[in-house]
Amino acid sequence: MSKHRLYFIDAVRAFAILMMLQGHFIDTFLDASYKDYSNISFKIWNYFRGITAPIFFTISGLIFSYLLITAKHKGILKKRISKGLIRGLLLIGIGYILRIPISIIFTGEFHNYYFVVDVLQSIGLSIICIVFFYKITFKKTLIFSLLMLIIGVSIFVTEPLYRTINTENLPLFFSNYITQKNGSVFTFLPWFGYMAFGAFISTIFYRYLKYEKFKIYTVIGFLITGVILINFSSLILMKLFFLTDIQIFNSSANYNYLFTRLGNVLIILALFYSFERFLKFPLILKIGQKTLSIYVIHFIIIYGSFTGYGLNKIISKTLTPWQAIISAIIFLITVCFISFYYVKTNAFIYSKLREIKANKS
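Residues numbered from 1 in each chain as written. Predicted model: local features only at pLDDT ≥ 70, side-chain atom pairs only at ≥ 80, totals over all residues. Heavy atoms only, no water.

Q: For this particular structure, what's the right way to read the environment of Y96?
A: As for its placement among the helices and strands, Y96 is situated in helix α3 (residues 77-97). C-alpha separation for the pair Y96 and Y114, spaced 18 residues apart in sequence, amounts to 6.5 Å. Beyond its immediate sequence surroundings of up to four residues, Y96 is in contact with Y114, F115, V116, V117, Q121, F173 and Y177. (Helix = DSSP H or I, 4+ residues; strand = E, 2+ residues; numbered from the N terminus. Contact = heavy atoms within 4.5 Å.)

Q: What am I meant to see in the packing of aromatic side chains here?
A: The geometry of an aromatic ring pair is captured by two quantities: the separation of the ring centres and the angle between the planes. If you walk through the whole model with that rule in mind, you get 33 aromatic pairs. Relative to F42, the ring of Y37 has its centre 5.1 Å away and its plane inclined at 80°; by these criteria the two rings are edge-to-face. Residues F156 and F259 carry aromatic rings whose centres are separated by 5.3 Å and whose planes lie at 80° to one another, so their mutual orientation is edge-to-face. In this pair, F156 is assigned in helix α6 (residues 141-157) and F259 in helix α12 (residues 258-274), connecting sequence segments 103 residues apart. The buried category is assigned to F259, whose relative accessible area is 9%. Within the aromatic cluster, the residues linked to one another by ring pairs are F57, F156, F186, W191, Y194, F197 and F259. (Phe/Tyr/Trp six-rings, centres within 6.5 Å; stacked < 30°, edge-to-face > 60°. Buried < 20%, exposed > 50% of the residue type's maximum accessible area, 1.4 Å probe, protein only.)

Q: Sorry, what's going on with the layout of surface pockets here?
A: Taking a probe equal in size to a water molecule and rolling it over the atoms shows the remaining empty space. One number sums up the size of the second largest pocket: a volume of about 840 Å³. Lining the second largest pocket we find 38 residues, and of these A53, Q180, V185, F186 and W191 sit closest to its centre. Of all the secondary-structure elements, those providing two or more residues to the lining of the second largest pocket are α1 (7-29), α2 (40-74), α7 (159-163), α9 (188-208) and α12. (1 Å grid on protein atoms, 1.4 Å probe; cavity = no way out; pocket = protein on both sides within 12 Å on 5 of 7 lines; lining within 4 Å. Points joined across faces, edges and corners; volume = space filled by probe spheres on them.)

Q: How should the pattern of salt bridges be read in this particular structure?
A: Oppositely charged side chains can form a pair if their charged atoms are brought close together. Evaluation of the coordinates by the stated rule reveals six salt bridges. Put simply, D27 and K35 hold a salt bridge, and the shortest N to O gap is 3.2 Å. Judged by relative accessible area, which is 26%, D27 ranks as partly exposed. With relative accessibility at 24%, the residue K35 sits in the partly exposed group. Where E159 meets R163, a salt bridge forms, and the shortest distance between an N and an O atom there is 2.8 Å. Note that E159 and R163 are positioned in helix α7 at a spacing of four residues, about one turn of the helix. (Salt bridge = Lys/Arg side-chain N within 4 Å of Asp/Glu carboxyl O.)

Q: Would you mind showing me how to read α3 here?
A: For an α-helix, the turn length of 3.6 residues means that residues three or four places apart are oriented alike. Its 21 residues give α3 an end-to-end C-alpha distance of 30 Å, which sits within 8% of 30 Å, the value for a rise of 1.5 Å per residue. Among the residues of α3, those classed as buried are L77, R80, I81, G84, G88, L91, I92, I94, G95 and Y96. If you follow the buried residues of α3, they end up packed against α2, α5 (119-136), α8 (172-175) and α14 (291-303). (Expected span 1.5 Å × (residues − 1).)

Q: Explanation requested: the nonpolar core in the structure shown.
A: Grouped burial of nonpolar side chains is what soluble globular proteins tend to show. Ranked by size, the top nonpolar core spans 102 residues in total, and within it F8, F192, F205 and L269 carry the most contacts. Sort the elements by how many residues they give to this core and α2 lands first, with 15 residues. Excluding anything up to four places from it in sequence, F8 contacts F205, L269, F272, Y273 and E276. (Core = buried A, V, L, I, M, F, W, Y, C linked by side-chain atoms within 4.5 Å.)

Q: Looking at this model, I keep getting lost on the packing of α6 against α12. Mind explaining?
A: Each pair of packed helices can be summarised by the angle the axes make with each other and by the distance between the axes. In the contact formed by α6 and α12, the axes pass within 9 Å of each other and the chain directions differ by 135°. It follows from the interaxial angle that α6 and α12 lie oblique. Within the contact between the two elements, α6 uses V153, F156 and V157 and α12 uses L258, F259 and L262. A class-by-class count of the residues in the contact of α6 with α12 yields six nonpolar, no polar and no charged. (Axes fitted to C-alpha atoms, helices over the stretch in contact; angles between N-to-C directions. Parallel < 35°, antiparallel > 145°, perpendicular 65-115°, else oblique. Nonpolar A, V, L, I, M, F, W, Y, C, P; charged D, E, K, R; others polar.)

What follows is the structure in structure tokens.
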């Protein structure tokens, strides 16, 4: 095992993808009558569901940027950049394919729904942007670090400016990356902000991970910053408004969910990093490493990608809380099992293809 490998990242990714799966499952199948915000259990569940996507985006930016930066030190930067660009395009492509049913071949009907932007498209485009920003900073870690921090803060503070932006003159394909009016949920803005903060955090690990007391200082730093963002970020924004009379600070303070969610993310990172030595179970690490296949499989099962017939057409919103919880657990186990089997099969096929290619040469 590598001394400086960040095992807690895989654990956080595993936590995020499992939370995302159960969130989608329960939200899709729980009877609407049980979605009572006065119920403390539902309120807690909904709160944690709300921090899942910020965790996923932040950790995605962290791990990709960390691999990108360390690739320069290892002398494989060109390969990593190429791999990152391909990965970004692949995620964008898969994001669209998951919404297009096979029936389109026979019916020829193409709906605007197919252009909706979701998690995969935003992460894919964000990865491509991170590569671009890394290159324009001349691959200097310090400059890249500062730029990612500035971009992250700017995207969060200016959210009121693009929240209701008019995109009627833009083609629908591009408009969906900016606005939620057409059904997109995870638009590029503001979600690239979390990827940018993840990239910034990666530079901290890259620069100081080798130091003896780095872990304890990082955990404390995450906790303090997280608490400040959750409890005082709106107050700080209002103070900036009073000092500068710049309206955007006031608008941001009055609808401040981005910074508070980032605070939640930092606390989760601190907890997982603190207990990293207890999280090195092969199963946890494997789930964290297979998030894409798990996401794709869960999307197919619940929403019926390709066929148009998923569980949502069969069960719909009919489950009681206990039925939803038990079914969600079974669903998570099933999706993970399928994912692991698929990955093994896929690796086997690729290994055989490589053998055939080697024999021919």
